[in-house]
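# Survey of secondary and tertiary structure
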Amino acid sequence: HEQEKEQKRLALLELINYCDNVRGAFNDPSIFHDLMRMIQENLCRSLPSENYNADMEDDDEEGCFAEPSWPHLSIVYETLLRVVQSNEIDLSIKKKYIDSRFVVRLLDLFNSQDMREREYLKTITHRIYGKLTNRRALIRRSISNIFFDFIYETEKHAGIAELLEILGSIINGFAVPVKADHVKLLESALIPLHKVKSMQLYHAHLVYCMAQYIEKEQRFAIPIIGGILKFYPYGNTGKELLFLEE
């Protein structure tokens, strides 16, 4: 069993090497199809749901969950990263195979307990957003849906801070005047994140997003401050301080 695992790891490393050294290696649609299928089969899996700890400090890396299959997964993520940012692979092929379903499944993985996985996902999502402009609205919508589920259903999710970090740089790139779609994102998905009990885990990233909106157009200060007052955490000193600071 261990031997097979090692064989798989070496085969994946060979694929990365091939990716790096053969020009136009994946421009054959059938090869690219197989490659994306391999990536999907490995990455898109059910995640373990235990190890939630809402009180865990953000920077407390002790006792963090480590994904047992990380030695393989990390190489698959490396491969996907190369695929997404490669300028040699024909854009039309990428658009066909990095489709809506794949992007949604990838974003679902932000609930991984392993910090290393969330870091890879963050980088890859940034790159997809930058390179595949036809997937931008989908990425924003899917992140909103994850937030809705977190705010109104579960209050449990491992990757809210990372998703907010991605949104921070997306908001930074919004054109002025800000589109109605982006205003809706602020009012329906971002401001309500203030009401969640475990808010301190992602508060710094949330504040950054709020500040980005106000830098775009000062009018956003009114709904943001209104939201802060609406969700003000009376009696919870730690959270009150965060709100006052914001």
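The shown structure was predicted, so the numbers you read here are calculated from the model rather than taken from an experiment. (Residues numbered from 1 in each chain as written. Predicted model: local features only at pLDDT ≥ 70, side-chain atom pairs only at ≥ 80, totals over all residues. Heavy atoms only, no water.)

## Quick word on the overall build of the protein chain
The helix and strand tally for the protein chain stands at 12 helices and 0 strands. Going from N to C terminus, the protein chain has its helices and strands arranged as α-α-α-α-α-α-α-α-α-α-α-α. Over its C-alpha atoms the protein chain spans a radius of gyration of 20 Å, differing by no more than 12% from the 18 Å that the globule rule assigns to 246 residues. Out of the 246 residues in the protein chain, the part that is buried amounts to 44%. Taking as baseline every contact in the protein chain between residues at least 6 positions apart, the subset at least 24 positions apart corresponds to 74%. Side-chain charges in the protein chain split into 30 positive and 37 negative, and the spacing between the mean points of these groups amounts to 8 Å. (Helix = DSSP H or I, 4+ residues; strand = E, 2+ residues; numbered from the N terminus. Rg over C-alpha atoms; globule rule 2.2 N^0.38 Å. Buried < 20%, exposed > 50% of the residue type's maximum accessible area, 1.4 Å probe, protein only. Contact = heavy atoms within 4.5 Å. Lys, Arg positive; Asp, Glu negative; His and termini not counted. Charge placed at Lys NZ, Arg CZ, Asp CG, Glu CD.)

## Focus on helix α2 (residues 29-43)
Every α-helical turn comprises 3.6 residues, leaving residues that sit three or four positions apart pointing alike. For α2, with 15 residues, the first-to-last C-alpha span of 21 Å sits near the 21 Å given by 1.5 Å per residue. Buried residues in α2 make contact with α1 (2-21), α3 (70-85), α4 (91-97) and α5 (100-108). With a side-chain oxygen positioned 2.9 Å from the backbone nitrogen of S30, the residue opening α2 is D28. (Expected span 1.5 Å × (residues − 1). Polar contact = N/O pair within 3.5 Å; in protein donor to acceptor, adjacent residues only side chain to side chain.)

## As for the packing of helix α7 (residues 136-154) against helix α8 (residues 160-172)
One can describe the packing of α7 onto α8 by two numbers: an axis separation of 11 Å at closest approach and a directional angle of 145 degrees. Considering the relative orientation of α7 and α8, their crossing is left-handed. For the pair α7 and α8, contact is made by R140, I143, I146, F147 and F150 and by I160, L163, L164, I166, L167 and I170, respectively. Classifying every residue of the contact of α7 with α8 by side-chain character gives 10 nonpolar, no polar and 1 charged. (Axes fitted to C-alpha atoms, helices over the stretch in contact; angles between N-to-C directions. Left-handed = near helix turned anticlockwise from the far one by under 90°. Nonpolar A, V, L, I, M, F, W, Y, C, P; charged D, E, K, R; others polar.)

## Brief notes about the environment of S169
Structurally, the position occupied by S169 is in helix α8. Looking at S169, the relative accessible area reads 37%, which means it is partly exposed.

## Some points on the confidence of the model for the protein chain
Here the protein chain shows a mean pLDDT of 89. Residues at 70 or above account for 94%. For residues 52-62, every residue scores under 50 in pLDDT, and the model assigns this stretch 13 contacts once sequence neighbours within four places are set aside. (pLDDT = per-residue confidence, 0-100.)

## Looking at the environment of Y120
Within the secondary structure, Y120 sits in helix α6 (residues 115-131). The spatial distance from the C-alpha of Y120 to the C-alpha of M36 is 17 Å, given a sequence separation of 84 residues. The contacts of Y120, once residues within four sequence positions are left out, are W70, S74, Y77 and E78.

## Points about the pattern of salt bridges
This model, assessed by the stated rule, comprises 10 salt bridges. E41 is the partner of R37 in a salt bridge, and the nearest nitrogen-oxygen pair spans 3.9 Å. Of this pair, R37 and E41 both sit in helix α2, 4 residues apart, which is roughly one turn of the helix. Taken as a pair, R37 and E41 share a single burial class, namely exposed. Members of the salt-bridge network, linked through shared partners, are R45, E67 and E117. (Salt bridge = Lys/Arg side-chain N within 4 Å of Asp/Glu carboxyl O.)

## Quick word on the packing of aromatic side chains
By convention here, two paired aromatic rings are described through the distance between centres and the angle between planes. Here the structure, examined in full by the defined rule, presents 9 aromatic pairs. With a centroid separation of 5.3 Å and an interplanar angle of 80 degrees, the aromatic rings of Y213 and F220 are classed as edge-to-face. Under the relative-accessibility criterion, Y213 is labelled buried at 0%. (Phe/Tyr/Trp six-rings, centres within 6.5 Å; stacked < 30°, edge-to-face > 60°.)

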